Each structure stands twice: as structure tokens, then as C-alpha cells.
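Examination of the molecular architecture
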Amino acid sequence: MTDKRKKWILLIVALFVLFANAAYAQPEKDADRTLSPYFLVKSDDPEVDQLPLKSTSAKVNVSGVIADVIVRQVYKNEGKRPLEAVYVFPASTRAAVYGMKMMIGERTITAKIRKREEARREYEEAKEAGKSASLLEQQRPNVFQMNVANILPGDAIKVELKYTELLVPTDAVYEFVYPTIVGPRYSNQPAAEVTPQEKWIENPYLHEGESPTYTFDITLDVAAGLPIQDITCPSHKVNINYDGSAFASIKLDGSEKYGGNRDFVMKYRLAGGRIETGLLLFEGEEENFFLLMLQPPKRVTDHEIPPREYIFIVDVSGSMHGFPMDISKKLLKDLIGNLRPTDRFNVLLFAGGSSVMSEKSLPATPKNIGHAINMIERQRGGGGTELLPALKRALSLPRIEGYSRSVVIATDGYVSVEAEAFDLIRNNLGNANMFAFGIGSSVNRHIIQGMARVGMGEPFVIIRPEEATNKAEKFRRLIQSPVLTGIKTDFGDFEVYDVEPPSIPDVLADRPVIIFGKWRGRPQGNIHLKGIAGDGSFMKEVDVGKIKPLKTNSALRYLWARHRIAILSDYNKLRPQDERVMEVTNLGLTYNLLTAYTSFVAIDTQIRLKDGKAVTVKQPLPLPQGVSDYAVGNRILMQKGFGMTAVPSTLAYKGIMREEGLEHKKEDGLGLKPLITTPALEKMPIKLGTIAVTEGLSKESIQRVVEEHLNSINQCNKYALWKQSGQRVELEFRLVIDPKGRVTGVKVNTSQENRKELERCIVEKLKKLCFPTPEGGKNVVVTITLILK
């Protein structure tokens with residue numbers, strides 16, 4: 001590249017930065033900026049270590065049905081300036097976090113549980129005083145944030161947290177999942193209006209295919225209590241060693257050192273397909289706890305199945321682009337393609353908006369099934385993830401008399417409206433069962449499992465394409481006939497209270513009935529569980545007097561409290577004035593648990609930073625395996641010392657500056673840091689105008705396909721640098737669509753020399769569109785106008 005061309009490029013970028021700063025420096029514009037993730041632009045400045053997290057590991061001990069986990073995070077400052085590290089990470093939706101400690105050299109500081117605001121205040125005061133400190137907060141039931149303050153140059157600070165969870169088998173298979181990555185969350189909330197608890201969404205991410213910048217390790221010891229039949233790990237390569245028939249140790253293979261970009265999954269079965277059943281008791285100083293697990297009867301498959309209606313809600317947003325969308329298509333083709341002739345169904349697609357196949361459910365005829373599969377096959381993934389409007393629309397569709405309605409959702413769950421979605425489902429429990437399919441290598445399990453739980457359905461998670469067929473078959477078996485209905489429990493002389501759940505829903509799978517609670521007095525009497533199975537009445541009895549309370553069951557107090565907190569959080573949208581907030585807070589303080597309203601804080605007694613101020617660095621996260629850059633978006637803000645500047649990502653990261661070999665400038669040791677654009681830039685500048693079509697396709701079907709892909713077409717706007725502010729430009733394109741709905745030719749009717757690159761880019765995007773099959777079996781000519789304004 002010539003020096004002259006370099007000067008022109010620099011001049012263009014400088015002018016763009018200058019005008020963008022002037023345009024977006026207004027307070028009302030900044031107030032409109034939405035809260036979203038962004039891509040990291042790494043600085044070469046040695047002053048600041050942008051990647052302070054060096055390793056994360058877990059040690060897991062499984063005893064019977066309870067897993068106890070120790071997570072260790074190592075932070076090291078390899079730069080020359082003191083740091084505050086901020087790391088957002090996931091946890092199991094069942095995790096009860098009951099302890100944390102921080103280690104600096106030979107010193108160990110045990111964290112204390114505090115009300116969230118108190119913990120944050122103590123942490124900030126310690127940071128300002130120059131003390132090293134760590135703060136663990138819950139941002140979602142399955143999303144945590146760790147802040148570590150005043151990591152001095154050369155420091156290595158280790159933070160450990162402990163949690164426990166209950167392993168519940170399904171179809172006699174036990175599964176332990178260790179989540180590793182928080183996927184990017186789409187949010188349309190203005191950044192200026194959100195609470196501090198929501199700001200974790202605005203987190204830096206690496207690009208698609210980039211490995212984590214920190215190492216990952218995990219070891220497991222399984223003491224099953226009964227002979228183990230087999231152990232598998234479908235997510236990672238591991239080494240398994242058995243010590244006797246009931247004990248095994250699992251270690252991560254060395255080749256998986258950077259395998260922290262997908263959830264770790266371990267499954268095992270007991271010999272003979274048995275499951276752990278019975279009563280566990282714990283006797284504490286102030287309270288006593290119990291856990292009852294009883295195996296339901298075997299499934300009966302030869303009964304008449306009532307008429308059923310299925311509404312399939314399919315996520316086609318940007319985060320589903322590529323690998324997740326491919327899994328979703330395979331799953332939906334399997335589910336819809338195997339409906340019974342007596343079934344009725346509908347399909348609703350959602351991203352930033354939603355579209356429905358029909359205003360009422362249709363019979364499962366070969367023609368309707370083919371139309372639905374074709375509709376899903378055309379999807380590529382693009383746009384935001386507006387789940388709530390899609391749920392509302394699905395639940396408002398007309399009911400069919402005499403049909404049992406089931407709503408099936410397929411999504412990665414990368415949204416931030418969990419509480420509202422739970423509220424909507426909870427308020428419609430009498431209208432439909434809810435079944436949620438989590439799609440992708442690192443799904444938002446909180447919303448997937450939560451939607452199924454409050455909808456009295458079942459959650460399914462598919463992390464690989466080859467699992468789609470088996471999970472679809474499992475779903476069909478699940479809904480075919482309930483294992484146990486009308487369940488009632490009689491505790492007799494065993495004095496219990498604070499029992500969870502207060503009523504037991506129908507059991508739809510071969511999994512145990514689980515009841516938590518507290519007890520008083522002596523453990524005595526008999527527990528009777530009654531219900532209706534496929535072949536008649538069912539009853540099981542447990543002699544409480546034969547069970548001894550054990551100190552090793554101390555985790556029951558954490559598990560009961562965590563379950564109670566989960567119910568409060570799932571079934572209700574918590575508000576600051578709500579009495580449930582106080583109940584959750586008291587549970588956290590009483591049982592030493594991390595909650596949305598209680599946090600762990602550890603503060604060193606020594607003042608270590610005496611001069612200067614620490615630089616806050618957000619630890620960048622890798623995208624989950626198989627998730628594309630579409631999950632984050634295609635525009636960013638460049639943050640430098642003088643403020644925020646709106647810049648297309650093609651300029652900021654992989655466009656002019658990178659292609660022309662121009663180095664990023666650094667300021668304040670932070671370099672160029674990308675943030676999300678203000679809504680003024682997020683709004684799509686390319687919009688669909690007029691449509692003209694010959695016979696064979698309707699204007700509505702063409703409009704739907706083009707508008708579904710406007711997010712992708714708008715990536716071409718990076719070539720519209722010639723466009724003057726406020727100028728309206730119309731581009732007209734002629735498309736030829738073959739009898740299979742494929743675009744075989746695109747011509748620009750309004751071509752101009754100064755927008756060749758823009759037109760070329762749009763033509764390539766239009767060639768990839770797939771329309772419905774035209775009527776008459778002939779080519780169709782379509783003329784569309786795209787407007788830039």
C-alpha cells in the first residue's frame with residue numbers, strides 16, 4: 001500500500017471519528033444506547049494486562065445423589081499497572097453456592113455473606129483504601145460475576161468458591177453438567193436505564209473460533225453407593241479409572257487444556273438401570289432436614305393417546321446462526337415430520353419480531369408438514385431475540401376444543417427477560433404444557449429449565465447435531481402417556497413442615513419423585529405416596545423409623561434453601577418492594593448462600609496499593625463452540641481516552657484498518673476497546689421498499705423472506721461511506737427465482753459507479769435467499785426496492 005493511500009485512509013477514519021463524536025456526544029443519544037455484548041480489540045500495550053484470568057478449574061465429589069464442587073480461579077497481573085479484574089461466568093441452575101475464600105501468597109481470607117448492597121459497599125471501600133478484595137455476585141441464577149480488586153503487578157490471587165447440587169436421574173441416567181461459558185445475551189434495554197445488576201450483559205467477547213485466553217481443568221470422583229454400569233463424557237475427552245464396582249475417577253485429558261468454550265457433561269448409569277431411592281435425614285443444631293426420593297412405576301405404552309395440539313416456537317435470531325440453526329432445523333424436521341394424522345400443529349418463528357405459519361393450528365397432513373419444514377429450512381439466523389412477544393403470540397392463538405395443547409420452544413436462550421417469560425408461562429399453566437429445547441454448545445440453561453419447570457413440562461438440551469434425533473424420540477416417549485398422575489403424599493406421624501414442592505405435578509418421565517422439607521421431633525412413622533399409574537393405582541411406603549440421620553447429609557440444608565429460592569425466583573418476577581425479596585435475602589443470610597440479594601465478599605487486612613489507582617479490566621469471554629459472531633452483532637463503539645465513537649466493526653476490527661495494515665492507537669493503556677453502538681446506528685439503515693412480482697408468489701411471502709434477512713443485508717452498509725447525512729437513496733434489484741424457490745439471478749436496475757461495492761455486497765446477499773416454492777412450476781421474476789435513509 002502506498003504512503004498516499006495510507007494518508008487518505010487515515011484521513012477518512014479521522015473524519016469519521018470526529019463527526020461521530022460530535023453526533024453522539026449528546027446526553028440524550030448516550031441515554032438511548034442499548035445494553036449489549038461487544039468484541040474485544042486487543043491492545044499491545046504492556047502496561048495493562050487485558051487478560052488477568054489465567055486458569056479456572058473444578059474438583060467434583062459425587063456421593064450418592066449429591067455433588068460437591070470446588071471451583072478455583074487464578075488471576076495474575078502480568079502488566080505494570082494495578083488491576084481490578086471483572087469476570088462473568090456461569091454455574092449450574094441447581095447450584096447452592098455456600099462458601100468462598102481468597103488466597104494471596106500464604107494468606108487466606110474467608111469470605112463473608114452480606115446483603116448485596118452491603119457487600120458491594122464494603123468491596124468498593126476496600127478497593128479505594130488500596131486493599132485487595134474479592135466480591136462474588138449473582139446476576140442470574142446461573143450467571144455469577146467475580147470482581148477482584150487491587151491485583152498488583154506480579155500478583156497471583158486465587159479465589160475458591162464451593163457449591164453443592166442434587167443429581168436427579170432421567171430414564172435411569174445421572175447427569176452432571178459443569179457450565180463453562182456465559183453466552184452473549186441480546187438486550188434492547190437502554191444502557192442508561194438499567195440497574196447495576198444488568199450491566200454484566202455489556203461484556204467483551206472474542207471472535208468466533210478463537211480459543212479461551214485461560215486454561216481449563218476438571219476432575220471428578222464418583223462414589224455412587226451402588227455398582228456403576230458405565231460412565232460417558234460426550235462433551236470432552238477424558239480419562240476414566242474405576243476403583244471397585246461403585247467408585248470411579250474422571251480426569252480431563254491434556255488435549256482439552258483450552259476446552260472451556262463448551263459445557264462439561266458427565267453421565268453415568270447404575271447397574272441394572274437402578275436409581276437411588278429412599279429417605280435422607282440430617283439433624284442440625286436448630287433445624288432438621290429430609291430428602292425423599294421414590295422411583296415411579298414403569299411406563300405403560302399401550303394406552304390410547306388423546307388428541308394433541310403442538311405449537312412449535314423456533315428461535316431464528318442472530319445467535320442461532322450456523323451450527324445452532326442447523327441443529328434446530330434437524331430437530332424440528334424430526335418432530336414435525338413424525339406427528340400423527342390426528343394431531344394439529346402450528347409454527348411460530350421469532351427473532352426481533354415473529355411470524356406464524358397459520359392463524360390457527362392445522363391438521364398434520366403431508367402437505368401442511370411439508371410447508372412447515374420448508375418454512376424452517378429457509379431460515380439462516382439473524383436479528384435480536386425477542387422471546388417474550390413470541391410467547392405471548394403463541395399462547396394467544398385460538399384453542400381447539402378437545403385437544404391437549406403443548407408448546408415446544410427451540411432456542412439457545414440468549415435473552416435477558418427470564419423473569420417476564422416465567423411470569424407469562426406461570427399465568428398460563430392451565431392452557432398448555434411447556435417443553436423447552438436448548439440448542440447449542442453452551443445454552444442459557446436457567447431459562448430453558450425454568451420455562452419447562454414453571455410450565456410443568458420437561459427441558460431438553462442438544463449440544464450436537466447427532467443428538468437431535470434421539471432427543472426428539474425421547475420427547476415423543478415423554479408425552480405419550482404420563483408415568484404417574486394425581487400424586488398425593490401422606491407423612492403420617494412424621495412431623496414435617498416447609499415442604500417443597502407443596503404439590504407434585506404429573507411425572508412425565510422415568511425419574512424419581514423428589515420432596516424436600518424440614519422435620520421436628522423424632523424420625524418416626526410411615527410416609528405413603530399414592531397416585532394413578534397407567535395400569536391403575538400406585539402406592540409406595542417408607543418406614544421413617546428405620547432411617548438414621550447422618551452428619552454427611554449436611555448438604556440437605558443448602559439444597560432445601562436453594563430449591564426454595566429457585567421456586568421464588570422462577571414463579572415470580574421479583575421487585576424491590578416485593579416481600580419475596582426479603583424472604584430470599586433472609587434465606588441467603590441464614591443458610592450462607594449466594595442469591596440475587598446476598599453476596600460473598602473477602603477483604604484483605606493489609607493496604608497493598610498505596611499510590612495510584614487500579615485499572616478495571618473486564619475478562620473477555622470466548623464465544624461458545626459453534627456460536628458465530630452474529631450472536632454479538634456487526635457494529636461496535638470504539639472507546640478511547642476522549643470518549644465513545646460509533647464505528648462499523650468492519651472499520652474497527654476487521655475492515656479498513658486491518659486490511660490496510662494500520663495499527664490501533666493506544667490511550668490510557670487500554671487501547672481501542674469496542675462497545676455496542678447507540679440505537680441511532682443500530683436501527684437498520686437499509687429498509688425494504690416496493691415489491692413487484694409476476695404470478696407464482698405473493699408479495700407477502702416475498703416481504704417476509706426479505707425482511708427476515710434485513711439484518712444480514714445491512715452488513716453491506718459498511719460500503720455506504722459515501723452516503724451524506726439525511727440523503728435518501730433507492731436501489732432497485734431484479735431477482736429471478738426458480739421453481740424450487742432458489743434465486744438464480746440478481747440484476748441491479750439502478751447501478752451507479754460510486755456505490756459499486758455496496759451493490760455488489762447486496763447482490764451476494766440476495767442470491768442466498770430462499771423463497772417458498774412458486775405455484776405453476778415456473779420461474780418467477782421479482783423486482784424489489786431497498787431504501788437507504
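Everything numeric here is computed off the predicted structure, so don't read it as measured data.

1. Re the overall build of the protein
- Helix and strand content of the protein: 17 helices and 40 strands.
- At a minimum sequence separation of 6, the contacts of the protein that also span at least 24 residues come to 77%.

2. Some details on the nonpolar core
- Membership of the largest hydrophobic core comes to 100 residues, with the highest contact counts inside it found for Leu 136, Phe 176, Tyr 178, Ile 218, Phe 264 and Tyr 268.
- If one sorts the elements of this core by residue count, helix H10 (residues 555-571) sits on top with eight residues.
- When neighbours within four sequence positions are excluded, Tyr 268 is seen to be in contact with Val 62, Gly 64, Leu 167, Ala 172, Val 173, Tyr 174, Val 222, Ala 224, Asp 230 and Ile 231.
- Judged by nonpolar contacts, the second largest core, of 35 residues, contains Met 320, Ile 369, Ile 462 and Leu 478.

3. A closer look at the sheet that holds strand S37 (residues 686-693)
- Overall, antiparallel pairing links the four strands, which are arranged S37-S40-S38-S39 in an open sheet. Of all strands in the sheet, those bounded by a partner on one side alone are S37 and strand S39 (743-748). Strand after strand, the sheet turns through a mean of 25 degrees between neighbouring axes, direction not considered.
- One ladder, built from five bridges, connects strand S38 (residues 729-737) with S39; its direction is antiparallel. Residue pairing for S39: Val 736 is matched across the bridge by Gly 745.
- Where helix H15 (residues 699-708) meets the sheet, its contacts fall on S37 and strand S40 (780-788), and the angle it forms with S37 comes to roughly 155 degrees.
- Strand contacts of helix H17 (residues 756-767): S37, S38, S39 and S40, with the helix running at about 35 degrees to S38, the strand carrying the most contacts.

4. Digging into the sheet that holds strand S32 (residues 598-607)
- The strand order across the open sheet built from six strands is S7-S32-S8-S9-S4-S33, with neighbouring strands paired in mixed fashion. Every other strand in the sheet has two partners, leaving strand S7 (112-115) and strand S33 (615-618) as the edge strands with one partner each. Looking at each pair of strands side by side, their axes are set apart by 25 degrees on average, direction ignored.
- Where strand S4 (residues 83-90) meets strand S9 (residues 143-151), seven bridges bridge the pair, whose relative direction is antiparallel. Residue pairing in the sheet places Ala 85 in a bridge with Val 148 of S9.
- Relative to the sheet, helix H3 (residues 116-128) contacts S4, S7, strand S8 (131-140), S9 and S32, its axis offset from that of S8 by approximately 150 degrees.
- Contacts from helix H11 (residues 579-591) reach S7 and S32 within the one sheet, and its direction differs from that of S7 by about 165 degrees.

5. Considering unusual backbone geometry
- The phi angle at Asp 498 is positive, at roughly 50 degrees, despite the residue not being glycine.
- Note that Asp 498 resides in strand S28 (residues 496-500).
- Judged by its relative accessible area of 38%, Asp 498 is partly exposed.
- Notably, Asn 592 is not glycine yet its phi reads approximately 60 degrees, a positive angle.
- In this structure, Asn 592 sits in the loop between H11 and S32.

6. A look at the side chain of Glu 256
- Along the polypeptide, Glu 256 turns up in the loop between strand S16 (247-252) and strand S17 (264-270).
- Excluding anything up to four places from it in sequence, Glu 256 contacts Phe 216, His 236, Lys 237 and Arg 262.

7. Some words on the packing of aromatic side chains
- One pass over the full model with this rule turns up 18 aromatic pairs.
- Centre to centre, the rings of Tyr 178 and Phe 216 are 6.2 Å apart; their planes meet at 15 degrees, and the pair counts as stacked. In this pair, Tyr 178 is assigned in strand S11 (residues 173-178) and Phe 216 in strand S13 (residues 215-223), connecting sequence segments 38 residues apart.
- Assessed through its relative accessible area of 8%, Tyr 178 is described here as buried.
- Their ring planes at 65 degrees and their centres at 5.7 Å tell us that Phe 290 and Phe 494 sit as a pair that is edge-to-face. Of this pair, Phe 290 sits in strand S19 (residues 288-294) while Phe 494 sits in the loop between strand S27 (485-490) and S28, and the two are 204 residues apart along the sequence.

8. Topic: the confidence of the model for the protein
- With 79% of its residues at a pLDDT of 70 or more, the protein shows a mean pLDDT of 80.
- Between residues 634-684, whose pLDDT stays under 50, and residues either more than four places distant or in other chains, the model counts 140 contacts.
- Low confidence marks residues 721-725, where pLDDT is under 50. Its contacts with residues over four positions away, or in another chain, come to seven contacts.

9. Observations regarding the environment of Asn 374
- Looking at where Asn 374 falls in the secondary structure, it is placed in helix H5 (residues 366-377).
- Sequence spacing of Asn 374 and Thr 773 is 399 residues, and the spatial spacing of their C-alpha atoms is 8.7 Å.

10. Side note on the pattern of salt bridges
- All chains considered together, the criterion is met by 26 salt bridges.
- Between Lys 127 and Glu 124 there is a salt bridge whose closest N-O contact spans 3.1 Å. One end of the pair, Lys 127, and the other, Glu 124, are both in helix H3, three residues apart, so they sit about a helical turn from each other.
- The buried category is assigned to Lys 127, whose relative accessible area is 17%.
- A residue is classified by how much of its surface remains accessible, and Glu 124, at 27% relative accessible area, is partly exposed.
- Between Glu 256 and Arg 262 there is a salt bridge, with its nearest N and O atoms 2.7 Å apart.
- Arg 262 gets classed as buried once you look at its relative accessible area, which sits at 12%.
- Put simply, Glu 84, Arg 116, Arg 120, Glu 124, Lys 127 and Glu 137 are held in one network by salt bridges that share partners.

11. Considerations on empty space enclosed by the protein
- Counted under the stated rule, the structure contains seven cavities of 30 Å³ or more.
- Looking at the largest cavity, its volume works out to about 150 Å³.
- Every residue lining the largest cavity is counted, 17 residues in all, and those nearest its centre are Val 71, Phe 89, Pro 90, Tyr 178 and Pro 179.
- A per-element tally of the lining of the largest cavity places S4 first, with three residues.
- Considering only residue class, the lining of the largest cavity consists of 13 nonpolar, four polar and no charged.
- Here the second largest cavity defines a volume of roughly 100 Å³.
- Together, 16 residues line the second largest cavity, and Pro 90, Asn 142, Ile 181, Val 443 and Arg 445 are the ones closest to its centre.
- Along the lines of polarity and charge, the residues of the lining of the second largest cavity split into seven nonpolar, six polar and three charged.

12. Side note on the pairing of S40
- In terms of burial, S40 is a largely internal element, seven of the nine residues being buried.
- Pairing of S38 with S40 involves nine bridges; the strand directions are antiparallel. Paired with Glu 730 across the bridge in S40 is Ile 787.

The rules behind the values
- As a convention, each chain's residues are numbered from 1 in the sequence order in which they are written.
- Side-chain atom pairs in this predicted model are given and counted only at pLDDT of 80 or more, local residue features only at pLDDT of at least 70, and totals for whole chains, interfaces and linings cover all residues.
- Think of the side-chain values as coming from all heavy atoms in the structure, minus any hydrogens and water.
- A helix here means a DSSP run of H or I that spans at least four residues, while a strand means a run of E at least two residues long, and both kinds are numbered starting from the N terminus.
- Whether two residues touch is decided by their heavy atoms; if any such pair falls within 4.5 Å, the residues are in contact.
- The definition of a nonpolar core used throughout is a set of buried Ala, Val, Leu, Ile, Met, Phe, Trp, Tyr and Cys residues joined through side-chain atoms within 4.5 Å.
- Exposed residues in this analysis have more than 50% of their type's maximum accessible area, buried residues have under 20%, and partly exposed residues fall in between, with area computed by a 1.4 Å probe over protein chains only.
- Whether two strands pair depends on DSSP finding at least two bridges between them.
- Working convention: axes come from line fits to C-alpha atoms, limited for helices to the stretch in contact. Angles between N-to-C directions cover 0 to 180 degrees.
- For Phe, Tyr and Trp, rings pair up if their centres lie within 6.5 Å, where Trp contributes its six-membered ring, and each pair is then called stacked (planes under 30 degrees apart), edge-to-face (over 60) or tilted (otherwise).
- Confidence of the predictor at the level of single residues is captured by pLDDT, which takes values from 0 to 100.
- A side-chain nitrogen of Lys or Arg and a carboxyl oxygen of Asp or Glu constitute a salt bridge if their distance falls within 4 Å.
- Using only the protein atoms, space was sampled on a 1 Å grid; points where a 1.4 Å probe fits but cannot get out form cavities, open sets with protein on both sides within 12 Å along at least five of seven lines form pockets, and lining residues are those with an atom within 4 Å of a point.
- Grid points are joined across faces, edges and corners, and a volume is the space filled by probe spheres set on the points.
- In this count, Pro and Cys sit with the nonpolar residues alongside Ala, Val, Leu, Ile, Met, Phe, Trp and Tyr, while Asp, Glu, Lys and Arg are called charged and the others, Gly among them, polar.

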